[in-house]
Amino acid sequence: MEIIKTKNNDELSAKAAEIIADKVKSMDKPVLGLATGSTPVVTYEKLIEKVKAEEVSFKNVKTFNLDEYIGLSGEHENSYRYFMNDILFNHIDIDLKNTYIPNGLAEDAAEECAAYEALIKAEGPIDLQILGLGLNGHIAFNEPGSSFEGRTQETKLTASTIEANARFFDSMDEVPTTAVTMGIGTILEAKEILLLVQGEAKAEILKEVLNGPVTEDVPGSILQKHPNVTVITDIEL
Ligand code: F6R
């Protein structure tokens, strides 16, 4: 595991954008795994700048997002589809048809999960997977206790995750309590993983992820076993 320590979020994001752009430039048909949440926002801004400066093109890129809330349509401003279009896809030269995110309104969530998993198999493997880290150690929406072998599945969000997500909604009642998430087994099949961890609030959990026992109680700890992980963080370790 390589750990890159940065001074602040701007430097973290610049480094992350550079690694992503270099991966895209190095391949004919790159497949990226993308995350939502606050952490990658500035990274995506920096990628947009690179596309506008014609340093990199996303014309041949396919993307798979980690997760989507169940019950929100892609037009809902808190859905992850809306977020990704708004914050990245609408500003770069990617074909929206090549951007995959689970459908939060699928009638049958189990069927949607199986279809998403099959799509990753067909188009993958994912060359570079971007991950954030939850305050409770979750990766994607694999909450503590999730199986390391899990595939794309419906999951119940924990109270702490619902509380953390509430900042984007008008009231607690509106925060979705279930989501479709890539499983940890699915995530581990990515050839390379880039974990971005920003802000002192995550210092303790990051230490557990990096140096603690590998346990399903701390989902991110499984990254210790993946052969190609880079962690970029502005946290003093
Ligand atoms: C987002 C995701 C989550 C977030 C994590 C950290 O697609 O899968 O695991 O990466 O909750 O969120 P932020 O970056 O908002 O602290």
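Numbering of residues starts from 1 in each chain and follows the order in which that chain's sequence is written. Confidence filtering applies because this is a predicted model: local features only for residues at pLDDT of at least 70, side-chain atom pairs given and counted only at 80 or more, and all residues used for totals across whole chains, interfaces and linings. As a convention, hydrogens and water are excluded, and side-chain values are obtained from all of the structure's heavy atoms.

S.K.: Honestly, the packing of helix α1 (residues 9-26) against helix α2 (residues 41-52) in this entry has me stumped. Any pointers?
M.R.: Each pair of packed helices gets described by two things: the angle between the helix axes and the distance between those axes. Orientation is described by axes fitted as lines to C-alpha atoms, over the contacting stretch for helices, and by angles from 0 to 180 degrees between their N-to-C directions. A helix here means a DSSP run of H or I that spans at least four residues, while a strand means a run of E at least two residues long, and both kinds are numbered starting from the N terminus. In contact at an axis separation of 8 Å, α1 and α2 are set at 50° when each is read in the N-to-C sense. Relative to α2, the element α1 is oriented oblique. Crossing of α1 against α2: the hand is right-handed. The segment α1 lies against α2, with N9, D10, S13, A14, A16, A17, E18, I20 and A21 engaging V42, T43, K46, L47 and K50. Tallied by class, residues from the contact of α1 with α2 come to 7 nonpolar, 3 polar and 4 charged. Any angle that falls under 35 degrees is termed roughly parallel, while one over 145 is termed roughly antiparallel, one within 65 to 115 roughly perpendicular, and all others oblique. Should the near helix be turned anticlockwise from the far one by less than a right angle, the crossing is termed left-handed; should it be turned clockwise, right-handed. Any two residues whose heavy atoms approach within 4.5 Å at even a single point are treated as in contact. Classification used: nonpolar for Ala, Val, Leu, Ile, Met, Phe, Trp, Tyr, Cys and Pro, charged for Asp, Glu, Lys and Arg, polar for all others including Gly.

S.K.: Quick question: what am I supposed to make of the sheet that holds strand β8 (residues 178-181) here?
M.R.: Strand-to-strand pairing in sheets goes through backbone hydrogen bonds, with the strands running parallel or antiparallel. For two strands to be treated as a pair, DSSP must find no fewer than two bridges joining them. Spatial strand order, β4-β8-β7: 3 strands in an open sheet with antiparallel pairing. With partners counted over all chains shown, the strands left at the sheet margins are β4 (67-69) and β7 (153-156), one partner each. Averaged over all adjacent pairs, the angle separating strand axes in this sheet is 30°, with direction ignored. Of the pairings in the sheet, the one linking β7 to β8 comprises 4 bridges and is antiparallel in character. Its bridge partner lying in β8, E154 is registered against V180.

S.K.: Is there a simple way to think about the sheet that holds strand β5 (residues 99-100) in this case?
M.R.: Here 7 strands make up an open sheet; going across it, the order is β1-β10-β9-β6-β2-β3-β5 and the pairing parallel. Each of the sheet's edge strands pairs with one partner strand only, and the pair in question is β1 (2-5) and β5. When strand β6 (residues 128-131) meets strand β9 (residues 193-197), the two strands line up parallel, connected through 3 bridges. Considered in β9, the bridge of Q129 is made with I193. Sheet strands touched by helix α4 (residues 109-123): β2 (31-34), β3 (62-65) and β5. Its angle to β3, the strand with the most contacts, is close to 150°.

S.K.: Which parts of the structure should I look at to understand a negative patch on the surface?
M.R.: Residues enter patches when their relative accessible area tops 30% and they take part in no salt bridge; the joining distance is 9 Å for like charges and 5 Å for the nonpolar side chains Val, Leu, Ile, Met, Phe, Trp and Tyr. Note that accessible areas follow from Shrake-Rupley with a 1.4 Å probe, and for residues the cover is restricted to the protein chains shown. Between Lys or Arg on one side and Asp or Glu on the other, a salt bridge is scored when a side-chain nitrogen of the former is within 4 Å of a carboxyl oxygen of the latter. Lys and Arg are tallied as positive, Asp and Glu as negative. Neither His nor the chain termini are counted. The atom standing in for a charge is NZ when the residue is Lys, CZ when it is Arg, CG when it is Asp and CD when it is Glu. On the surface, a cluster of negative charge is made up of E77, D170, D173 and E174. Working definition: with a 1.4 Å probe on protein chains only, accessible area under 20% of the residue-type maximum means buried, over 50% means exposed, and in between means partly exposed. Accessibility expressed as a relative area gives 41% for E174, which makes it partly exposed.

S.K.: Which parts of the structure should I look at to understand α4?
M.R.: Each residue after the first adds 1.5 Å to the expected span of a helix. The end-to-end C-alpha distance of α4 is 21 Å, a good match for the 21 Å that 15 residues give at a rise of 1.5 Å each. Of all the positions in α4, only A109, E112, C113, Y116, E117 and I120 are classed as buried. Take α4 and look down its axis: the buried residues cluster within an arc of 135°, on one side only. Exposed positions of α4 whose direction lies more than 90 degrees from the buried face are A110, E111, K121 and A122. Arc definition: directions from the helix axis to the C-beta atoms.

S.K.: Would you mind showing me how to read the side chain of R81 here?
M.R.: By the element assignment, R81 lies in helix α3 (residues 80-87). Here R81 sits buried without a salt bridge, and the closest side chain of opposite charge, E68, lies 6.2 Å off (N-O distance). When near neighbours in sequence (up to four residues on either side) are disregarded, R81 contacts E68, G74, F89, L96, T99, Y100 and I101.

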